[in-house]
Amino acid sequence: MSAILEEGEAERLLAQAIAGKLPDERGRFGPFGGRYVPETLVPAFERLEAGVREHLHAAEFQDEFRRELRSWVGRPTALTYARQLSERWGAEVWLKREDLAHTGAHKINNAIGQALLAKRLGAKRVIAETGAGQHGVASAAACARVGLPCSVYMGAVDVERQAPNVDRMRRLGAEVVAVTAGDATLRAAIDEALRVWVTDPDGIYYILGSAVGAHPYPYLVRELQSVIGEEAREQMLREAGGLADAAFACVGGGSNAIGLFYPLLADDTELIGVEAGGTGSGLGQNAATLATGTPGVLQGSYTIILQDNDGQVQETHSISAGLDYSGVGPEHALLKSTGRVSYISATDDEALEALEELCETEGILTALETSHAFAAARNWAREHPGKRILIGNSGRGDKDMPTLTKYPAKVRSYAAA
Ligand SMILES: *Cc1c(COP(=O)(O)O)cnc(C)c1O
């Protein structure tokens, strides 16, 4: 597991992570992270890094951010005891309800935080990338809220596939730009946003949507999303009577997972990240980056990626668009290497089954991404009877209805009776 770290190194790095000392001043999480970008991009990243250092933890910014989280996003989000699911699983199951946050997922925490930062840095306009459109919608909403024009770069293939979200973004006042270059999906959209950013790094602010990419983004996004774990920790102590034995979160780029896990690193809670197992273990059939990938550089960061023996980045597959990415945030690569967090995967079918079970038992239609965490938690509960489990319910599933109509719901047990 710790193949990349020397003897003793894992312990030292984990202690640093827990002490809040990572990333280091070069943006590194042990061997991972950093900033591997072309010369032309360096000034934009340095300007952003200086802005983050000046404002992110300043009282004025934090006051404004916390106020927006409370009054506009709707935080703190609830902690829900899943009574029927607990009975079925033989466990005590608690859900951190990011699906109740404005625009329906955790992504808004990051989007509003960065939009407020853009304002403070004097940006004239904002750009963002999006894959399935969830981060694009959150960015469009956040930009409308702070009063900045927003352009969302989106692969042409995704513009076609995600028409309802394209319409949502436009209604929220954003310009949606279809990117036809490269694979015409998320990776191409990020590349295009970076290309546009360098044309005017002073006037443009780039809101990146997950804990990925070059420094300072993985750090910035973690800091903004950590509100999930901070709240959940306090709520577990107050409402559940103690911390969880195990916590689960789905991992695409890794922002909701790092947001939940980071404040729990020093605790005894077992932390488990769940990736997309897709349709099988073959290359291109899944997006189980940490579970099956190897170290390499992707979009400015040294992390774990899905690549072939020649270093060619692999296509991925997942039923959930939000997990369908061939890289992962560098902090997760470190946490895996230290052994503090384990990363497993759930298949498309397991996710669908879990989604249905949650609907039926708790009246919650969760996102397909999130369903992967439920599937893994359920398997874990069976092997560890009687434990207290916390699941990061990253978003709601209304957006997945077009996909779900292809998989008709099974006849409910009570309907059949
Ligand atoms: C985008 C998304 C994810 C995956 O992104 P992370 O950065 O890994 O959190 C997970 N769940 C939902 C609901 C999403 O919209």
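Residues numbered from 1 in each chain as written. Predicted model: local features only at pLDDT ≥ 70, side-chain atom pairs only at ≥ 80, totals over all residues. Heavy atoms only, no water.

## Things to note about the domain arrangement of the protein chain
Then, in step 1: Under the domain assignment used here, the protein chain contains domain 1 (23-69 + 107-222) and domain 2 (75-105 + 226-404).
Then, in step 2: Taken over C-alpha atoms, the centre of domain 1 sits 23 Å from the centre of domain 2.
Then, in step 3: Contact residues are listed per partner, giving 34 residues for domain 1 and 37 residues for domain 2.
Then, in step 4: Of the roughly 2900 Å² buried at the junction of domain 1 and domain 2 (both faces included), carbon and sulfur atoms supply 61%.
Then, in step 5: When the area that domain 1 buries against domain 2 is broken down by residue, the three leading residues are Phe32, Arg187 and Arg222, summing to 27%.
Then, in step 6: Along the contact surface separating domain 1 from domain 2 lie three salt bridges.
Then, in step 7: A salt bridge links Arg66 to Glu230, with the shortest nitrogen-to-oxygen separation between them at 3.9 Å.
Then, in step 8: At the junction of domain 1 with domain 2, the criterion picks out 14 residue pairs in polar contact (both at pLDDT 80 or more). (Domains from an automatic or database assignment. Contact = heavy atoms within 4.5 Å. Buried area = accessible area lost by both parts, 1.4 Å probe. Salt bridge = Lys/Arg side-chain N within 4 Å of Asp/Glu carboxyl O. Polar contact = N/O pair within 3.5 Å; in protein donor to acceptor, adjacent residues only side chain to side chain.)

## A look at the side chain of Arg340
Then, in step 1: Mapped onto the elements of the fold, Arg340 is located in the loop between α14 (330-338) and β13 (341-347).
Then, in step 2: Put simply, Arg340 is tucked away with no salt bridge, and the nearest opposite charge, on Asp267, sits 6.6 Å away.
Then, in step 3: Polar side-chain contacts of Arg340 include one of 3.3 Å to the backbone oxygen of Leu264.
Then, in step 4: Setting aside anything within four residues of it in sequence, one finds Arg340 in contact with Leu14, Leu264, Leu265, Asp267, Thr269, Glu270, Leu271 and Leu335. (Helix = DSSP H or I, 4+ residues; strand = E, 2+ residues; numbered from the N terminus. Buried < 20%, exposed > 50% of the residue type's maximum accessible area, 1.4 Å probe, protein only. Lys, Arg positive; Asp, Glu negative; His and termini not counted.)

## Quick look at the site of the ligand
Then, in step 1: Near the ligand there are 16 residues, and of these Lys107, Ser210, Gly252, Gly254 and Ser255 occur at the shortest range.
Then, in step 2: For the ligand, the protein covers 97% of the area, taking 390 Å² as the surface of the free molecule.
Then, in step 3: A domain-level breakdown of the shell around the ligand finds at least three residues from each of domain 1 (23-69 + 107-222) and domain 2 (75-105 + 226-404). (Near = heavy atom within 4 Å. Areas by Shrake-Rupley, 256 points an atom, 1.4 Å probe, with all protein chains shown as cover.)

## Regarding the packing of helix α3 (residues 59-73) against helix α5 (residues 107-120)
Then, in step 1: The N-to-C vectors of α3 and α5 enclose an angle of 140 degrees; their axes lie 10 Å apart at closest approach. As judged from the angle between their axes, α3 and α5 are oblique. When you trace α3 past α5, the crossing you get is right-handed. Mapping the contact onto sequence places Glu60, Phe61, Glu64, Phe65, Glu68, Leu69, Trp72 and Val73 in α3 and Ile108, Asn109, Ile112, Gly113, Leu116, Leu117 and Arg120 in α5.
Then, in step 2: Residues that form the contact of α3 with α5 fall into these classes: nine nonpolar, two polar and four charged. (Axes fitted to C-alpha atoms, helices over the stretch in contact; angles between N-to-C directions. Parallel < 35°, antiparallel > 145°, perpendicular 65-115°, else oblique. Left-handed = near helix turned anticlockwise from the far one by under 90°. Nonpolar A, V, L, I, M, F, W, Y, C, P; charged D, E, K, R; others polar.)

## With respect to the nonpolar core
Then, in step 1: One finds Ile112, Trp197, Tyr205, Tyr206 and Leu390 to be the most contacted residues of the largest nonpolar core, which totals 100 residues.
Then, in step 2: Both domains that furnish three or more residues to this core are identified here as domain 1 (23-69 + 107-222) and domain 2 (75-105 + 226-404).
Then, in step 3: Each residue touching Ile112, except ones within four places of it in the same chain, is listed here: Phe65, Glu68, Leu69, Trp72, Val73, Ala142, Arg145 and Val146.
Then, in step 4: Membership of the second largest hydrophobic core comes to 27 residues, among which are Leu95, Phe248, Ala373 and Trp380. (Core = buried A, V, L, I, M, F, W, Y, C linked by side-chain atoms within 4.5 Å.)

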